[in-house]
Amino acid sequence: MAVRLGDIAPDFTAETTQGTIRFHEWLGDSWGVLFSHPKDFTPVCTTELGYVAKIKPEFDKRNVKVIGLSVDPVDSHVKWEGDIAETQGTPVNFPMIGDPDRTVSDLYDMIHPNANDTLTVRSVFVIGPDKKVKLTITYPASTGRNFDEILRVIDSLQLTAQYKVATPANWTDGQDVIIGAAVSDDEAKTLFPQGWKTVKPYLRVLAQPNKK
Ligand code: BEZ
């Protein structure tokens, strides 16, 4: 069964490159990104894991824990990590789940049999501190993910969890935001005393509230 937005992220216990992890306990009060890749010792996955390792400080800054997965076993991940460090210039600095029996892959519907009946697709799940799923994205095996986009969405998710705003197309942190559609003008006056610009009654734009 597919994991959908708003669902509690399924909990599991799994072997990883950093020991046995009980997922919810490991997440604690942090945000989380769980992402799958199709197979160890493959080119696109090698670049993805190297890139995530490089930008891990950006996830740390946002209080986000990152964890990878493939259906290969942990000892294979460990061997492959040597190649990733050598070719991508950064050691893998987050845990990778070994899932040869597909327990976690099945739980998160990461195997799409009409794409490939044995390998995981490139799934991404962003999970909030309440353990609810906030974002799901699925890429095909042939396309490496844009992890800067994942950071951008996390910025939006964290902002909109705190303020009754939404973020427009291609928004990045620091740019103007939109007052949520469910917020009346009267409520907006209380929430945003600094004011806003009404482009249309349904399109009200204001400076990002947590920026000077
Ligand atoms: C890759 O990472 O390059 C890859 C993995 C599985 C299928 C196709 C490509």
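### What to know about the side chain of Arg122
Residue placement: Arg122 occurs in strand β6 (residues 122–127). In this structure the side chain of Arg122 is engaged in a polar contact, spanning 2.9 Å, whose partner is the side chain of Glu48. Of note is the side chain of Arg122, whose polar atom sits 3.3 Å from the backbone oxygen of Pro140.

### Some details on the site of the ligand
Taken together, Pro38, Thr42, Pro43, Val44, Cys45, Arg122 and Ala141 are the residues near the ligand. Thr42 has a polar side-chain atom sitting 3.0 Å from an oxygen atom of the ligand. Residue Pro43 places a main-chain N or O atom 3.4 Å away from an oxygen atom belonging to the ligand. With the chains in place, 75% of the 260 Å² that the ligand exposes on its own is no longer accessible. Element by element, the count of residues in the shell around the ligand is highest for helix α2 (residues 43–54), at three residues. Here the residues of the shell around the ligand sort into five nonpolar, one polar and one charged.

### Some details on the packing of aromatic side chains
For the structure shown, the criterion picks out seven aromatic pairs. Judged by centre distance (6.2 Å) and plane angle (20 degrees), the ring pair of Phe23 and Trp26 falls under stacked. In this pair, Phe23 and Trp26 are both assigned in helix α1 (residues 23–27), three residues apart and thus about one turn of the helix distant. Across the pair, exposure class does not vary: Phe23 and Trp26 are buried alike. Plain terms: the ring middles of Tyr108 and Phe125 are 5.0 Å apart, the flat faces sit at 65 degrees to each other, and that makes the pair edge-to-face. Placement of Tyr108 in the loop between α5 (103–107) and β6 and of Phe125 in strand β6 is noted, with a sequence separation of 17 residues between them. When sorted by exposure, Tyr108 lands in the same class as Phe125, which is buried.

What counts as what
- Once a new chain begins, its residue numbering starts again from 1 and follows that chain's sequence as written.
- Thresholds applied to this predicted model are a pLDDT of at least 70 for local features of residues and 80 or more for the giving and counting of side-chain atom pairs; totals over whole chains, interfaces and linings are not thresholded and use all residues.
- The basis for every side-chain value is the complete set of heavy atoms in the structure, and neither hydrogens nor water enter the calculation.
- Note on conventions: DSSP H or I runs of at least 4 residues are helices, E runs of at least 2 residues are strands, and numbering of each starts at the N terminus.
- Under this definition, polar contacts are N or O atom pairs within 3.5 Å; protein pairs additionally need one hydrogen-donor-capable and one acceptor-capable atom, and for neighbouring residues in sequence, both atoms have to be side-chain atoms.
- One heavy atom within 4 Å of a molecule or strand is enough for the residue carrying it to be called near that molecule or strand.
- For every accessible area listed, the method is Shrake-Rupley and the probe measures 1.4 Å; residues are considered covered only by the protein chains on display.
- Residue type decides the class: Asp, Glu, Lys and Arg count as charged, Ala, Val, Leu, Ile, Met, Phe, Trp, Tyr, Cys and Pro as nonpolar, and the leftover types, Gly among them, as polar.
- Planes of paired rings set the category: under 30 degrees apart is stacked, over 60 is edge-to-face and the rest tilted, where pairs are Phe, Tyr or Trp rings (Trp by its six-membered ring) whose centres lie within 6.5 Å.
- A 1.4 Å probe rolled over the protein chains alone gives each residue an accessible area, and that area as a share of the maximum for its type sets the label: buried under 20%, exposed over 50%, partly exposed in between.

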